[in-house]
Amino acid sequence: MKKSYFFLFVFSFFLIIACRQKRSGNPRVLVYTNHTPSADVTASIQALQKLGNINGFEINATDTTNLFADDSLSAYAAVLFLNRSGVNIGNNNRIALERFIQAGGGFAGIHPTAKTYNWRWYGRMIGSTGDSGVSFMHQEYDGGRVEYNNDSLTAKNADDDAHLKMVLNAIEYAIGHYSPLDYTKATTPYPPSEDHFTKHMLVTATFFEPTEMTILPNLDILILQRRGEIMLYKQETGKVKQAGFLNVYFHSNLKNVNVEEGMLGLSKDPDFKNNHWVYIYYSPADSSVNRLSRFTLENDSILNSTEKVILEVKSQRDICCHTGGSIAFGPDSLLYFSAGDNSTPFDEPGQTYVSHSFAPLNGAPGHKQYDAERSSGNSNDLRGKIMRIRVHKDGSYEIPAGNLFAPGTDKTRPEIYVMGNRNPYRITVDQKNSFLYWGEVGPDAPYDSLATRGPRGYDEVNQARKAGYFGWPFFVGNNYAYHEYNYLTGVPGPAFDPAKPENHSPNNTGLTVLPPAQPAFIWYPYALSPEFPELGTGGRNAMAGPVYYTDFYPAGTRYPDYYNGKLFIYDWIRGWIKDVTLQPNEDFEQMESFMPHMVLHNCIDMEAGPDGKLYLLEYGTGWFQKNPDAGLSRIDYNPIATAASAAAVVVDTSASAHGPFAAGYALTQVMDCKSCHKEDGVSIGPSFKRVAEKYAEDKKASAYLSQKIMKGGSGVWGDVAMSAHPDLAKNDMDQIVEYILSLKPKALKGLKPKA
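Residues numbered from 1 in each chain as written. Predicted model: local features only at pLDDT ≥ 70, side-chain atom pairs only at ≥ 80, totals over all residues. Heavy atoms only, no water.

1. Structural notes on helix 4 (residues 91-102)
- Compared with the 16 Å implied by 1.5 Å per residue over 12 residues, the 16 Å span of helix 4 between its first and last C-alpha is a close match.
- Taking burial as the measure, the 12 residues of helix 4 include 10 buried ones, the bulk of the element.
- Looking only at helix 4, the buried set comprises Asn93, Arg94, Ile95, Ala96, Leu97, Glu98, Arg99, Phe100, Ile101 and Gln102.
- Just past helix 4, the residue Gly104 takes up positive phi, approximately 110°. (Helix = DSSP H or I, 4+ residues; strand = E, 2+ residues; numbered from the N terminus. Expected span 1.5 Å × (residues − 1). Buried < 20%, exposed > 50% of the residue type's maximum accessible area, 1.4 Å probe, protein only.)

Structure follows, in structure tokens:
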């Protein structure tokens, strides 16, 4: 009997405690619609409010994310998404929802399957994997309660009792016992705000086509200039001087041929402090190769007499393009360096059947430079590859275990670690696990031709955990396959098989059957990416920066632990930097903008210095020339956020000089236009004044130029492809065209266009 009383007492005690932990009042549910007013939304909200009135909970509806913050969400028991648009909410709003669930909140989703590539946490919560997912999910997840149904609540079923019962069950499960939220259990952190960081310019108006840099232990910085100079920034004085020069091939004598060779890649030796060795990948003027050599730096000078030639990659010259040319060391002191496919991506003049910016696969006799099968797809050629070797003290090298082809394998080069690259321009190696990352500059086709030629162009950021084949020129992006194509007849063949790629080009000296193709880690086209929409639209030049580890750097100068283990990536032409969060197994988790308001002038290299700060090398906004906005900068972290620390946006006051066309001019300065065109001057594309002069008397010029901006293309001003801008707003496009045409010569401004 006494035992019964004891158990009754214990039960009553815990019942009282449980009752005390329940929040007061009726539970509140935040309903997020993200829709403009519609009959479906109105009917849905009314039905939900009736359910709430009957069943004792309150419904608050919103079509914005203003309430997605800790202090606002803490007043709710659950959040309900009525549509799939929720996955596109901003980063801090996402974090707020994650923290709400982790604190014990609930979630109900009543919407069709959502694309969740770029928000993996949300995808796991509702059982979605990209474009597909479960029809029903009921689970405890990350500290909270979740019920998801891939049905919809619409005006047609808003008064259907069975349908409303399903909705009610989801809401009641999400509400749970209406216990107080405990934000001490929230694990997802907020990023430091942008006003904690400052871009500090170290060098401006000095460099002439800078390419790659390496930061020395004393914070001096060696910088290559494409035309042969090796420059040295002295941290102590803030001055730049020339430390060396190599005679390189950097200019073609052929008309209308731009070459990218010259000084390409640079890295210090892991033991530089003791041996003073630096490695340079360059194009010697007297030999059609790209050469990897080691030099000694003494008394701030590169001694040419100390050169040790390590390895050479043959190159076909007087053609454009794709050099690759980045050097990086792994934590085991293995040297990695990249080489581009050395193939021409443009349509061959005078030919009936051409590549149209799809994969160049012309194996017909006499057209080698238009066949990337001879290089990237060739296991017996170092072009279009990333090599991995161990360099000895005498300058010789050995092949480490684990490369793609074992030494002695017929028709292969054992130096190859990764093959199937187009233009792996910047590479980096994770200094804890040796994973290799690189940015892959992709082809230019703006639209798919999946039935006959293949996919549109994509840039890629790639991850190699081990040696592998990464697709080019037979695949791009998420293993999207190109077709075989007969350049003599124009007849397309079957699509290549990523499980068993085969290279039948007569120019192939390697294996016919290649290893299975690996899909890209991140991929994005000119248009908005459905998988990675935060990458934006426009021109593309993907680059890979460092994987950042806070324990490598001094506590007083390093970045916050928020960035520990994150991969930094950037785009040369779009002008953004993103930090990528990786899952514990190193899969992609999510990405976000880093200093989104910072102005970049074509960042061509990024490294973390020994002080834990990011250093940026900017090429400047103009091709093949000395740009006044080329420079070297450092990003400092300030523990105390101040207005002065915010990344300043440089306002171009010259826009006012363009009067009614100021808006169009301003758009060309903030978009990728400025990377290829100047108002009046030489770059890789025609100046806007030359365009205005060409179309000054053409009454169809506005429509034509609008289509050119939207679709991109090449051939009018040369072979270099103009980026497509399929998602540019019509009003913005019109203003850009009006500004360009306003630059026509004064003598022609009064003339009426010819019919």
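On we go from here.
2. Let's talk about the nonpolar core
- Tyr279, Leu292, Leu335, Phe337, Leu436 and Ile522 are the most contacted members of the largest nonpolar core, which totals 72 residues.
- The contacts of Leu292, once residues within four sequence positions are left out, are Tyr279, Ile280, Tyr281, Lys308, Val309, Ile310, Leu311, Ile327, Leu335, Phe337 and Ile389.
- Judged by nonpolar contacts, the second largest core, of 41 residues, contains Tyr570, Ile577, Ile604 and Ala608. (Core = buried A, V, L, I, M, F, W, Y, C linked by side-chain atoms within 4.5 Å. Contact = heavy atoms within 4.5 Å.)

3. With respect to the pattern of salt bridges
- Under the defined criterion, the tally for this structure stands at 21 salt bridges.
- In this structure, Asp220 engages Lys234 in a salt bridge whose closest nitrogen and oxygen atoms are separated by 2.7 Å. Taken as a pair, Asp220 in the loop between strand 10 (210-215) and strand 11 (221-225) and Lys234 in strand 12 (residues 229-234) lie far apart in primary sequence, 14 residues in all.
- Overall, the relative accessible area of 5% leaves Asp220 in the buried class.
- With its nearest N and O atoms 3.1 Å apart, the salt bridge here joins Glu415 to Arg413.
- Connected via shared salt-bridge partners are Asp220, Lys234, Lys241 and Asp300. (Salt bridge = Lys/Arg side-chain N within 4 Å of Asp/Glu carboxyl O.)

4. Brief notes about helix 6 (residues 161-175)
- The end-to-end C-alpha distance of helix 6 is 21 Å, a good match for the 21 Å that 15 residues give at a rise of 1.5 Å each.
- Buried residues of helix 6: His163, Leu164, Met166, Val167, Leu168, Ala170, Ile171, Ala174 and Ile175, and no others.
- Taken from the residues just after helix 6, Gly176 is the one with a positive phi, measuring 65°.

5. Notes on the environment of His177
- Relative to the elements of secondary structure, His177 occurs in the loop between helix 6 and strand 9 (197-204).
- What makes His177 exposed here is its relative accessible area of 70%.
- For the pair His177 and Pro27, spaced 150 residues apart in sequence, the C-alpha separation works out to 9.5 Å.

6. A look at the sheet that holds strand 23 (residues 424-429)
- Strand order in the open sheet made by the four strands is 23-24-25-31, with antiparallel pairing throughout. Looking along the sheet, the strands with just one partner apiece sit at the ends: strand 23 and strand 31 (522-524). Across the sheet, the mean angle from the axis of one strand to that of its neighbour is 15°, orientation sign disregarded.
- Relative to strand 25 (residues 459-464), strand 24 (residues 436-440) runs antiparallel, the two being bridged by five bridges. Paired with Gly439 across the two strands is Val461, which belongs to strand 25. (Pairing = 2+ DSSP bridges. Axes fitted to C-alpha atoms, helices over the stretch in contact; angles between N-to-C directions.)

7. Section: the side chain of Glu460
- Relative to the elements of secondary structure, Glu460 occurs in strand 25.
- Among buried Asp, Glu, Lys and Arg side chains, Glu460 stands out as unpaired, with Arg540 the closest opposite charge at 9.0 Å.
- At 2.7 Å, the side chain of Glu460 forms a polar contact with the backbone nitrogen of Gly477.
- Setting aside its immediate chain neighbours within four residues, Glu460 contacts Trp438, Gly439, Glu440, Val476, Gly477, Ala520, Ile522, Trp523 and Ala542. (Lys, Arg positive; Asp, Glu negative; His and termini not counted. Polar contact = N/O pair within 3.5 Å; in protein donor to acceptor, adjacent residues only side chain to side chain.)

By themselves these figures say nothing about function.
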